[in-house]
Amino acid sequence: MIDYYRQNSDQINGWLGWHARLSALPLLFGLLIALPLGWLARRYRWLYPPVVTVAGLLYTIPSLALFILLPGLLKTRILDPTNVVVALTVYTVALLVRVVADALGSVSEDVLQAATAMGYRRLGRLLKVELPIAVPVIAAGLRVAAVSNVSLVSVAALIGVPELGQLFTNGFQLSYQTPILLGILLSVLLALAFDSVIQLVARVLTPWRRAVPR
Amino acid sequence: MIAEIWNWLSDSAHWHGPDGVPIHLREHLQYSLIALLIAAAIALPLGLLIGHTGRGSFVVVAIANSFRALPTVGLLTFFVILIAPHIHSTGTATYLIPSEIVLVLLAIPSMLTNTYAGISAVDPAVRDAARGMGMRGSQTLWQVELPNALPLIFSGIRSSFLQVIATATITAYVSLGGLGRYLIDGLAQQDYPQMASGAVLVAVLALLIDVLLAAVQRYAVSRGITGRYSRKRIVDPAEQQAMIAAAPLT
Amino acid sequence: MIRFDSVSKHYPDGTVAVDSLDLVAPSGQITVFVGPSGCGKTTSLRMINRMIEPTSGSIWLDDQDTSRIATHELRRQIGYVIQHAGLFPHRTIVDNIATVPLLLGWDRNKARARGRELLERVGLPAHFAERYPAQLSGGQQQRVGVARALAADPPVMLMDEPFSAVDPIARDQLQEEFLRLQNELGKTIVFVTHDIDEAIKLGDQVAVLRVGGRLAQLATPAQLLSEPADAFVAAFVGRDRGYRALGFTPVGELATHDEPTIAMGSALTGAEAADGWLLAVDDQGAPQGWLRLADSRPGADTTVTEDLLHRGGTVAGADASLRAVLDACLSSPSGRGVIVDEAGRLAGTVTASEVLALIERRAPADPNPQPVGGGGQ
């Protein structure tokens, strides 16, 4: 496997880079969209059921189908990586919007009232109190989205998008296990890397969780 | 695009013969159901057992975490290359068996984790009361724990089913039938209407099955639990976990 | 009867939850286990129906050694009520109550009929039968928990802090109704609480346990208040225990004074009272409240109406405890405690100093012989 990697390192590194970008961008976009959306679903209760239902419906669309339908909707080419980014952003938002709404909702009423009583206004309370408390739950949702994104990106190899999935299609066409195993390994490592980074960021953002209760 | 899909779908030629929609739909359902039943036969009893005894929960966590990180396409191509040469048979069995193995592997985690989580999330006071009133272990499991775990078990089955439907689409790439054929063949033939129509069919199928299962769930789960009365919405940590576990892999 | 025969519970980590407990909970009575957290009261209770197995010693149910009865059979003949009721969320109220009868193999219709009967018994409306636990308040759920424990008519009931999770008003009501129910049913009950007031209110006998699972004192509530065995019990029983002990001393023969009264609705003109306070009564002669003549002088033709009355005073029956009579005196705006007969009609009044004289004559001994009574002072 190491030999195979050495011989094709340029190409594989390129695929790895693409893979990382195609997984990471949707995470970023997804979070940026899901945060306000989740807050809205919390703030205006009537929005919660439809938001959760739509999110659930978006989940049901198989990724390959979405990769293929998006070019028709976005007027992009089939091979355009934009399709992958948009599709995975859709999944990420679908996952995170409910997580964000529930996480904000799980902040205890006592804490909210205390914050209000101390004079926080709505926005200040959201940014300084509710969001920080919700960080661990949102981070858990992000970790799942990240790992699932890394796996989903490789599906796009079937329609020819250059990423680690190419190792699977190449290996399959040549009936050659080595590239497939290498692809699985790199993909898992990439997922682990994303997972660790998110955990680390969450840890830095929530120093109080490291305090040992005495 | 909508017109193209409409034209393709309303062309009666696409609804007849060995490459017609009914045949591929049947294949798709067949692959999915076989995998789901085998996976359920493994995951549900195991989840009930682990949840009831509280022993072996690390197995659940390990399986759930490691499977989520495995790329589906990699798994599928790997198993086909590994197993297909050893199957001396004519017809589709060569590709069907390795594909089914992958489908089963992918269907297990959601059902296993949700069943386990559902059982272990039953209020300890309720379990204590059941025991204190003289229920045996099996009576507690069937009469109390299982009915209370049903919502989570159902959501596990639903996400497993979706996972299998989605992955069954990809099996067309390794020469199997199913609705995925239109996507893979359409790509090879540069026939976008065919691809898009196939994609719509798969999406509609997934949606219908999810709606169907949701209806069954509504019927099967006690109203006392679905809380159509409940005055406040509480974020149940187990439900949160189950919802996260439902993230798509394929 | 439940008998603990040098029962101990040790955990592998060295914790001693219960330390060689000897105790008898007599048939038809309420025995309360009370003590601070970690005193092993719940462990002791849960060892009776073998939810927890003792490390050594044995527990007897009448003449049966519980360790020789199959656990599920033992538990089906012992009612079990826990703090958060533990109702089955997926079953309707009536089916929750019918759980044990169904386990015992009763016919479904008979079991549900029994469920409905008990629903009424614990004071819940019949239409609750088809509701689900989530639709009930905490206090209502706890009533259902009691009904469920009673369903198969077990001779023995175990109650683990059944009322501590409900609000104080509902708790008071639950306690009253529980005592009324026990009066009718006469079960052998072991009741666990951390609340000494609840223990004194409900218990026929009270077992005070100390941390480490040792029995500090087993006594009637009155004895516990008047003769705490040691400083720990005295401190646990708490302040005011001298006053609270009066609650267990019947007042006995009480010489009352006639009290001038005024009827509701009659004119105030010409009414006189030595100290300015007049007791208003209704047409049956039941006291309604005190009237201060000074308040109502202005209009000569004023009549006695509700809004003129001071209602702060409590009323004590002729058979009440010294505590109730003393309280009637202390809470009365006129300083005279109102005593009524069985029918609720005015029997007369007494003054606080008369009651105190009575107390001094009745209890010449110091009610608190432990001068080092810890937090009691």
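What counts, and at which threshold
Residues numbered from 1 in each chain as written. Chains lettered and ligands numbered in written order. Predicted model: local features only at pLDDT ≥ 70, side-chain atom pairs only at ≥ 80, totals over all residues. Heavy atoms only, no water. Helix = DSSP H or I, 4+ residues; strand = E, 2+ residues; numbered from the N terminus. Buried < 20%, exposed > 50% of the residue type's maximum accessible area, 1.4 Å probe, protein only. Contact = heavy atoms within 4.5 Å. Areas by Shrake-Rupley, 256 points an atom, 1.4 Å probe, with all protein chains shown as cover. Lys, Arg positive; Asp, Glu negative; His and termini not counted. Charge placed at Lys NZ, Arg CZ, Asp CG, Glu CD. Salt bridge = Lys/Arg side-chain N within 4 Å of Asp/Glu carboxyl O. Pairing = 2+ DSSP bridges. Axes fitted to C-alpha atoms, helices over the stretch in contact; angles between N-to-C directions. pLDDT = per-residue confidence, 0-100. Buried area = accessible area lost by both parts, 1.4 Å probe. Polar contact = N/O pair within 3.5 Å; in protein donor to acceptor, adjacent residues only side chain to side chain.

### A closer look at the overall build of chain B
Reasoning step 1: The helix and strand tally for chain B stands at 11 helices and zero strands.
Reasoning step 2: Listed N to C, the secondary structure of chain B is α-α-α-α-α-α-α-α-α-α-α in terms of helices and strands.
Reasoning step 3: Oriented by its inertia axes, the alpha-carbon framework of chain B measures out at about 65 × 45 × 25 Å.
Reasoning step 4: Going through the 250 residues of chain B one by one, you find that 57% of them count as buried.
Reasoning step 5: Contacts in chain B between residues at least 24 apart in sequence constitute 75% of all its contacts with a sequence separation of at least 6.
Reasoning step 6: Accessible surface, chain B: about 10,700 Å² in total, of which carbon and sulfur atoms supply 67%.
Reasoning step 7: Computing the positive centroid from 14 side-chain charges and the negative centroid from 13, chain B places the two 17 Å apart.

### What about the pattern of salt bridges?
Reasoning step 1: Applying the stated criterion to the full structure yields 26 salt bridges over all chains.
Reasoning step 2: For arginine 125 of chain A, the salt bridge is made with glutamate 130 of chain A, and the minimal N-O distance between the two is 3.1 Å. As far as burial versus exposure is concerned, arginine 125 of chain A and glutamate 130 of chain A are alike and both buried.
Reasoning step 3: For arginine 112 of chain C, the salt bridge is made with glutamate 130 of chain C, and the minimal N-O distance between the two is 3.9 Å. Taken together, the positions of arginine 112 of chain C in helix α5 (residues 108-121) and glutamate 130 of chain C in the loop between α5 and α6 (138-150) put the pair 18 residues apart, joining distant regions of the chain.
Reasoning step 4: Here the salt bridges do not stand alone but share partners, grouping Asp95, Arg108, Arg112, Arg116 and Glu130 of chain C into one network.

### So, unusual backbone geometry
Reasoning step 1: Phi at glutamine 190 of chain B takes a positive value of approximately 55°, unusual for a residue other than glycine.
Reasoning step 2: Structurally, glutamine 190 of chain B can be placed in the loop between α8 (180-188) and α9 (192-220).
Reasoning step 3: The backbone phi angle of serine 20 of chain C is positive, close to 35°, even though this residue is not glycine.
Reasoning step 4: When you line up the elements, serine 20 of chain C lands in strand β2 (residues 16-25).

### Regarding the sheet that holds strand β9 (residues 205-210) of chain C
Residues and elements named next belong to chain C.
Reasoning step 1: Ordered in space as β6-β7-β8-β3-β9-β10, the six strands form an open sheet in which the pairing is mixed. Lying at the two open borders of the sheet, with one neighbouring strand each, are β6 (78-81) and β10 (214-219). Each neighbouring strand pair of the sheet contributes to a mean axis angle of 15°, computed without reference to strand direction.
Reasoning step 2: The pairing of strand β3 (residues 30-34) with β9 spans four bridges and is parallel. Looking across to β9, one finds that phenylalanine 33 is bridged to alanine 207.
Reasoning step 3: Contacting β6 and β7 (156-160), α6 runs over the sheet at an angle of about 170° to β6.

### Quick look at the confidence of the model for chain B
The predicted structure's coordinates, where accompanied by low pLDDT, should not be read in detail.
All names here are of chain B.
Reasoning step 1: This prediction gives chain B a mean pLDDT of 86; 90% of its residues lie at or above 70.
Reasoning step 2: Per-element averaging of pLDDT across chain B places helix α11 (residues 237-245) at the bottom with 48 and helix α2 (residues 21-53) at the top with 94.
Reasoning step 3: Counting interchain partners and residues more than four positions distant, the pLDDT-below-50 stretch residues 230-244 has 31 contacts.

### Here we look at the interface of chain A and chain B
Reasoning step 1: Each partner contributes to the interface: chain A provides 47 residues, whereas chain B provides 44 residues.
Reasoning step 2: Here chain A packs against chain B, burying approximately 4,000 Å² in sum over the two surfaces, 79% of which is carbon and sulfur.
Reasoning step 3: Broken down residue by residue, the surface that chain A buries against chain B is led by Thr60, Leu158 and Phe172 of chain A, which jointly contribute 16%.
Reasoning step 4: Applying the counting criterion to the chain A and chain B interface returns four residue pairs in polar contact (both at pLDDT 80 or more).

### What to know about the arrangement of the chains
Reasoning step 1: Looking at the two pairs of chains with contacts, the pair that accumulates the most is chains A and B.
Reasoning step 2: The smallest C-alpha distance separating chain A from chain C is 19 Å, and no contact links them.

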